[in-house]
Amino acid sequence: MANKKQDFIDQRLQDLNNDGVDRRGFLKCMAWAGTGLVWTMSGGIPVSRAFAQGAGHTAGKGADFTFVQISDSHIGFNKPANPDVTATLQTAINKINAMPHKPDFLIHTGDLSQLSKPSEFDTLDQVLRGASPKQTYFVPGEHDVLTDNGEQYLQRYGKNTKGAGWYSFDHKGVHFVGLVNVVNLKAGGLGSLGHEQLEWLEDDLKGRSASTPIVLFAHIPLWTIYPDWGWGTDDSEQALSYVKRFGSVTVLNGHIHQVMQKIEGKVSFHTAMSTAFPQPAPGSAPSAGPMKVPADQLQRVLGITDVNYLVSGSSLAVIDSPLDSSSSPMSGNGGGTDMAAMASGGTSTDSATEVKIDNFAFTPGAITIKRGTQVTWINHDDIPHTVDSTQGKFKSAALDTDQKFEFRFAEPGEYPYYCRMHPKMTGSIIVQS
Ligand SMILES: [Cu+2]
């Protein structure tokens, strides 16, 4: 089944050997090795070409300015996929500090932390203080708003922002907009911007000249990459309708821990590598999640995105650099997880029963129990999940690996629930009288 999905993705990949690119299709840029890709906007027609590693050193020349995107640092993560995410973030910062053209600023597209812990944010701040660009612009990932619906994030990183932390700023003629699509996610859905933020965005862009280059950045991709894994945003179409009239729009996202690109009309979409751990290509594994690669190859699948902006020529160059570019591309494969029993239903007559959280799924997904039964959820994944009643009847904290949540069902009825970090994950408990 996974192969079928991969074939579907592969069908849509572009041939990077030529300069000409199908403007409506997908682009996959040596995703696992972080080979660079240059985009040139010429007369409104985006042309893309791959270039060899190392070419990034010249790409900054003549640019009006450069900024660097980093993403998904997951400070606090310590599982086998990368036992030292602080060290790999530090490597990314060292690489930025060594760039021949100093970037004007950094953009961090979310998942700064693993579990929204104050100590994790502190560590991130400390590493970023060593970066040569003194300014970093942030947006939150779902890992940063786990414990308090994002209040701590707002206190630390959301000064002068609106709502859940959205804002815009101008830099040398380019208009940047940071969007938040990781709060108030609905069961069964994808990322969400929400009505209030969309209204604000429309207003923010209104009255700006169509020749102003626009950069939108948000954690979860603003284009649908793989909905089965939640890799998309429910109301992104609405947001993108507000930028249609602009001549140059660049959309930068994180979340999926790999490079994917798409050019549609005058809008270029780009996702960045993580500084912490890689994730499998869409559909190539039973679920998303940390992918273990041999230790000596880890730094080749982590990296930074270096964006050179040449305003006068309407040209934009995006360069993805792996932390270690000393070797040839490796192919990504799913993290060796096998399809565990994925029973879709079950009946329990005991007074206690268990639901496994595994491979981004609740197993069994639906169970029928007698009233008074206690249900225990145990997280077996390397990534935190939550158990939230869609009706607001129960709500777990973020469950890290091997952590549990228990709830006793006293009243008959049907209790749908989901993970608030990964709203595609849903389950239900039916309680008989
Ligand atoms: Cu989850």
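Figured I'd write up the structure that's included with this text. (Residues numbered from 1 in each chain as written. Predicted model: local features only at pLDDT ≥ 70, side-chain atom pairs only at ≥ 80, totals over all residues. Heavy atoms only, no water.)

## Some remarks on helix 6 (residues 195–205)
Turning to step 1, where the next piece is worked out: Every buried residue of helix 6 is listed here: Q197, L198, W200, L201, D204 and L205. One side of helix 6 holds all its buried residues, which, seen down the axis, span an arc of 160°. Across from the buried face of helix 6, at angles greater than 90 degrees, the exposed residues are H195, E196 and D203. (Buried < 20%, exposed > 50% of the residue type's maximum accessible area, 1.4 Å probe, protein only. Helix = DSSP H or I, 4+ residues; strand = E, 2+ residues; numbered from the N terminus. Arc of directions from axis to C-beta.)

## Examining the coordination of the copper ion
Turning to step 1, where the next piece is worked out: Those donors, H385 (ND1), C419 (SG) and H422 (ND1), are the protein atoms that reach the copper ion, and they lie 1.9 to 2.2 Å from it.
Turning to step 2, where the next piece is worked out: One chain supplies every donor to the copper ion, and in sequence these donors are spaced H-x33-C-x2-H. Here the residue H385 occupies a position in the loop between strand 19 (374–379) and strand 20 (388–389), and H422 occupies one in the loop between strand 22 (413–418) and strand 23 (426–432), the gap between them amounting to 37 residues.
Turning to step 3, where the next piece is worked out: Its relative accessible area of 0% is what places H385 among the buried residues.
Turning to step 4, where the next piece is worked out: Taking the relative accessible area as the measure of exposure, H422 reaches 10% and is therefore buried. (Donors = N, O, S within 2.8 Å, 3.2 Å for Na, K, Ca; no water.)

## Looking at empty space enclosed by the protein
Turning to step 1, where the next piece is worked out: In total, this model carries 1 cavity of 30 Å³ or more according to the counting rule given.
Turning to step 2, where the next piece is worked out: What the largest cavity holds in volume is close to 190 Å³.
Turning to step 3, where the next piece is worked out: As for the largest cavity, its lining consists of 24 residues, and the residues nearest its centre are E142, W231, H255, F360 and H422.
Turning to step 4, where the next piece is worked out: Residues belonging to the lining of the largest cavity are distributed by class as follows: 11 nonpolar, 9 polar and 4 charged. (1 Å grid on protein atoms, 1.4 Å probe; cavity = no way out; pocket = protein on both sides within 12 Å on 5 of 7 lines; lining within 4 Å. Points joined across faces, edges and corners; volume = space filled by probe spheres on them. Nonpolar A, V, L, I, M, F, W, Y, C, P; charged D, E, K, R; others polar.)

## Here we look at the packing of aromatic side chains
Turning to step 1, where the next piece is worked out: Under the definition given, this model contains 28 aromatic pairs.
Turning to step 2, where the next piece is worked out: Centroid distance Y137 to F169: 3.7 Å. Interplanar angle 10°. Geometry classified as stacked. Separated by 32 residues along the polypeptide, Y137 in strand 6 (residues 136–138) and F169 in strand 7 (residues 167–171) bring together distant segments of the chain.
Turning to step 3, where the next piece is worked out: Aromatic rings pair up to connect F362, W377, F394, F405, F407, F409, Y415 and Y417 into one cluster.
Turning to step 4, where the next piece is worked out: Of note, K79 hangs over the ring of F77, and the distance from its end group to the ring centre comes to 5.9 Å.
Turning to step 5, where the next piece is worked out: If you follow K262 out to its NZ or CZ, it ends over the ring of F269, 5.0 Å from the centre. (Phe/Tyr/Trp six-rings, centres within 6.5 Å; stacked < 30°, edge-to-face > 60°. Lys NZ or Arg CZ within 6 Å of the ring centre and 35° of its normal.)

## Comments concerning the environment of A87
Turning to step 1, where the next piece is worked out: Position of A87 among the secondary structure elements: in helix 3 (residues 85–97).
Turning to step 2, where the next piece is worked out: A87 gets classed as partly exposed once you look at its relative accessible area, which sits at 33%.
Turning to step 3, where the next piece is worked out: Each C-alpha atom of the pair A87 and A276 lies 9.0 Å from the other, and the pair is 189 residues apart in sequence.

## Side note on the pattern of salt bridges
Turning to step 1, where the next piece is worked out: As enumerated under the stated definition, the model contains 9 salt bridges in all.
Turning to step 2, where the next piece is worked out: For D104, the salt bridge identified is with K172, shortest N-O distance 2.8 Å. Of this pair, D104 sits in the loop between helix 3 and strand 5 (105–108) while K172 sits in the loop between strand 7 and strand 8 (174–178), and the two are 68 residues apart along the sequence.
Turning to step 3, where the next piece is worked out: The salt bridge involving K262 is made with E264; its shortest N-O contact spans 2.8 Å.
Turning to step 4, where the next piece is worked out: Look at K262 and you get buried, because its relative accessible area is 13%.
Turning to step 5, where the next piece is worked out: Note on E264: relative accessible area 29%, which makes it partly exposed. (Salt bridge = Lys/Arg side-chain N within 4 Å of Asp/Glu carboxyl O.)

## Some thoughts on the environment of Q299
Turning to step 1, where the next piece is worked out: Within the fold, Q299 resides in the loop between strand 12 (267–271) and strand 13 (303–310).
Turning to step 2, where the next piece is worked out: The class of Q299 is partly exposed, set by a relative accessible area of 26%.
Turning to step 3, where the next piece is worked out: Setting aside residues up to four positions removed in sequence, Q299 forms contacts with T88, T91, P322, L323 and D324. (Contact = heavy atoms within 4.5 Å.)

## Re the nonpolar core
Turning to step 1, where the next piece is worked out: Core analysis: the biggest nonpolar cluster contains 89 residues, and I93, F362, W377, V387, F409 and I429 have the highest contact counts within it.
Turning to step 2, where the next piece is worked out: By residue number, the principal contributor to this core is helix 3, which donates 5 residues.
Turning to step 3, where the next piece is worked out: Sequence-distant contacts of V387, that is, excluding residues within four places in its chain, are made with I357, F362, W377, F394, K395, S396, L399, F405, Y417 and Y418.
Turning to step 4, where the next piece is worked out: Core analysis: the next-biggest nonpolar cluster, separate from the first, contains 16 residues, V174, F217, Y309 and V318 among them. (Core = buried A, V, L, I, M, F, W, Y, C linked by side-chain atoms within 4.5 Å.)

## Some words on the sheet that holds strand 21 (residues 404–408)
Turning to step 1, where the next piece is worked out: Read across the sheet, 4 strands follow the order 17-16-19-21 without closing on themselves; strand pairing throughout is mixed. Edge positions in the sheet fall to strand 17 (361–363) and strand 21, since each has one partner strand and no second. Neighbouring strand axes in the sheet, compared pairwise and without regard to direction, differ in orientation by 20° on average.
Turning to step 2, where the next piece is worked out: Examined bridge by bridge, strand 16 (residues 352–358) and strand 19 share 6 bridges and lie parallel to one another. Within strand 19, the residue paired with V355 across the bridge is W377. (Pairing = 2+ DSSP bridges. Axes fitted to C-alpha atoms, helices over the stretch in contact; angles between N-to-C directions.)

## As for the packing of helix 3 against helix 4 (residues 118–128)
Turning to step 1, where the next piece is worked out: Packing of helix 3 against helix 4 brings their axes to within 10 Å, and their N-to-C directions diverge by 25°. Between helix 3 and helix 4, the angle is such that the two are roughly parallel. Relative to helix 4, the crossing made by helix 3 is right-handed. Of the residues in helix 4, those in contact with T86, L89, Q90 and I93 of helix 3 are T123, L124, V127 and L128. (Parallel < 35°, antiparallel > 145°, perpendicular 65-115°, else oblique. Left-handed = near helix turned anticlockwise from the far one by under 90°.)

## Some details on the side chain of S274
Turning to step 1, where the next piece is worked out: Secondary-structure assignment places S274 in the loop between strand 12 and strand 13.
Turning to step 2, where the next piece is worked out: Polar contacts involving the side chain of S274 include one to the main-chain carbonyl oxygen of D72, which spans 2.7 Å.
Turning to step 3, where the next piece is worked out: A polar atom in the side chain of S274 sits 3.2 Å from the backbone nitrogen of F277.
Turning to step 4, where the next piece is worked out: Contact partners of S274, with chain neighbours within four places excluded, come to S71, D72, H257, V301, L302 and G303. (Polar contact = N/O pair within 3.5 Å; in protein donor to acceptor, adjacent residues only side chain to side chain.)

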